[in-house]
Amino acid sequence: MSDDMPDSLIPYDEIVQEALRAVVGRVLGQIVDGGGMLPGDHHFYITFKTGAPGVSIPAHLRERFPDEMTIVLQNKFWDLGVDENGFTVGLSFNQQPAKLDIPFAAITAFVDPAVDFGLQFQAVQADAAPEPHEAAENDAPDAAPAVTSDDGSNVVTVDFGRKK
C-alpha cells in the first residue's frame, strides 16, 4: 500500500474557494440591501488581484498597483453594487473619484477588523506569489490589519496542497 494520497478527481479546493467568496458577496449584498450604510463599527479591507480577468480600475491605479491592491470600505464609498459575479464601488483616491469593478474570483483577502473576522483566498494565478504592495490610501485609516491565522482570530485560510 502506498502512503501517497491520490489526486482528487473532484475539485474540492475550487468548490470551497467559490463558497467562501460567496460569503463576501452575501455580506456586501446585505450592505446594499440596508441602504449602503455599514452597521455599527463594521468596515472592510478587500484585497484583490488588479490584473485578474474582469477587474476594471482606472489606469493610474493599475499602474500604481500592477499586481494586488487593498481597498477600504468604511467612510467614503458610494454606488456599491453586487451581482453574482462581483461588485462595483465608487471610492476616492487622493480626492479623485474612481469606479472599481471587482469580480469575486479576483479577491485574495476580506477582513472586517471591527469583529476580528477575515478570509484569505488562493491567488487567481495559483503559481504566482503576491508581490508586496503599498496601501491604496483611499481615504481610510493608515494601518491595515495583518491577516494571519496564528493569532487566534477568526481568520479562515483554506490552502489545498496537491501532491504530484
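Figured I'd write up the structure that's included with this text. (Residues numbered from 1 in each chain as written. Predicted model: local features only at pLDDT ≥ 70, side-chain atom pairs only at ≥ 80, totals over all residues. Heavy atoms only, no water.)

**Regarding the pattern of salt bridges**
Under the convention used in this document: A pair is scored as a salt bridge if a Lys or Arg side-chain nitrogen falls within 4 Å of a carboxyl oxygen belonging to Asp or Glu. Runs of H or I in DSSP of at least four residues are treated as helices and runs of E of at least two as strands, each being numbered from the N terminus. Relative accessibility under 20% of the residue-type maximum defines a buried residue, over 50% an exposed one, and the middle range a partly exposed one, all with a 1.4 Å probe and only protein chains included.
Summed over all chains, the structure comprises 1 salt bridge. Linking Lys 49 and Asp 67 is a salt bridge whose minimum nitrogen-to-oxygen distance equals 3.2 Å. Here the residue Lys 49 occupies a position in strand S1 (residues 44–49), and Asp 67 occupies one in the loop between helix H2 (59–64) and strand S2 (68–73), the gap between them amounting to 18 residues. Considered together, Lys 49 and Asp 67 belong to a single accessibility category, that of buried residues.

**Focus: the side chain of Thr 47**
To keep things clear, this is the line we draw: Here a polar contact is taken to be a pair of N or O atoms separated by no more than 3.5 Å, where protein atoms must pair a possible hydrogen donor with a possible acceptor and residues adjacent in sequence count only if both atoms sit in side chains.
For Thr 47, the position within the fold is in strand S1. Here Thr 47 falls in the buried class, since its relative accessible area comes to 11%. Looking at Thr 47, its side chain comes within polar contact range of the side chain of Thr 70, at 2.7 Å.

**Brief notes about unusual backbone geometry**
You will see that Asp 79, though not glycine, has its phi angle at about 50 degrees, which is positive. Summarising the element assignment, Asp 79 is placed in strand S3 (residues 77–82). Even without being glycine, Asn 94 reaches a positive phi, approximately 55 degrees. Tracing the backbone through its elements, the reader meets Asn 94 in the loop between strand S4 (86–93) and strand S5 (96–103). Under the relative-accessibility criterion, Asn 94 is labelled exposed at 52%.

**Looking at the sheet that holds S5**
Here is the rule we go by: Any two strands are treated as partners once DSSP identifies two or more bridges connecting them. Lines are fitted to the C-alpha atoms to define the axes, a helix being fitted only along its stretch in contact, and any angle between axes, read from their N-to-C directions, falls within 0 to 180 degrees. The contact criterion used is simple: two residues touch if any of their non-hydrogen atoms lie within 4.5 Å.
Spatial strand order, S3-S4-S5: 3 strands in an open sheet with antiparallel pairing. Looking at which strands have only one partner, the edges of the open sheet turn out to be S3 and S5. Ignoring which end each strand starts from, the neighbouring axes of this sheet average 15 degrees apart. Pairing of S3 with S4, which is carried by 4 bridges, proceeds in the antiparallel orientation. Across the sheet, residue Phe 77 finds its bridge partner in S4, namely Leu 91. The sheet contacts of helix H1 (residues 12–33) involve S3 and S4, and relative to S3 the element is tilted by about 120 degrees.

**What about the environment of Val 111?**
With respect to the helices and strands, Val 111 occurs in strand S6 (residues 107–112). Once the C-alpha coordinates of Val 111 and Val 24 are considered, the two residues, 87 residues apart in sequence, prove to be 9.6 Å apart.

**So, a nonpolar patch on the surface**
Worth spelling out the cut-off: Patches here are clusters of residues that have more than 30% relative accessible area and form no salt bridge, with a 9 Å joining cutoff for like charges and a 5 Å cutoff for nonpolar side chains (Val, Leu, Ile, Met, Phe, Trp, Tyr). The method behind every accessible area is Shrake-Rupley, applied with a 1.4 Å probe, and residues are considered shielded solely by the protein chains displayed.
Judged by side-chain polarity, Ile 10, Tyr 12 and Ile 15 come together as a nonpolar surface patch covering roughly 290 Å² of accessible area. The residue Ile 10 is located in the segment before H1 in this model.

**What to know about the nonpolar core**
Stated formally: To form a nonpolar core, buried Ala, Val, Leu, Ile, Met, Phe, Trp, Tyr and Cys residues must be joined to one another through side-chain atoms within 4.5 Å.
Counting 31 residues, the largest nonpolar core has Ile 71, Phe 87 and Leu 100 as the members making the most contacts within it. The set of elements that each furnish at least two residues to this core consists of H1, S1, S2, S3, S4, S5 and S6.

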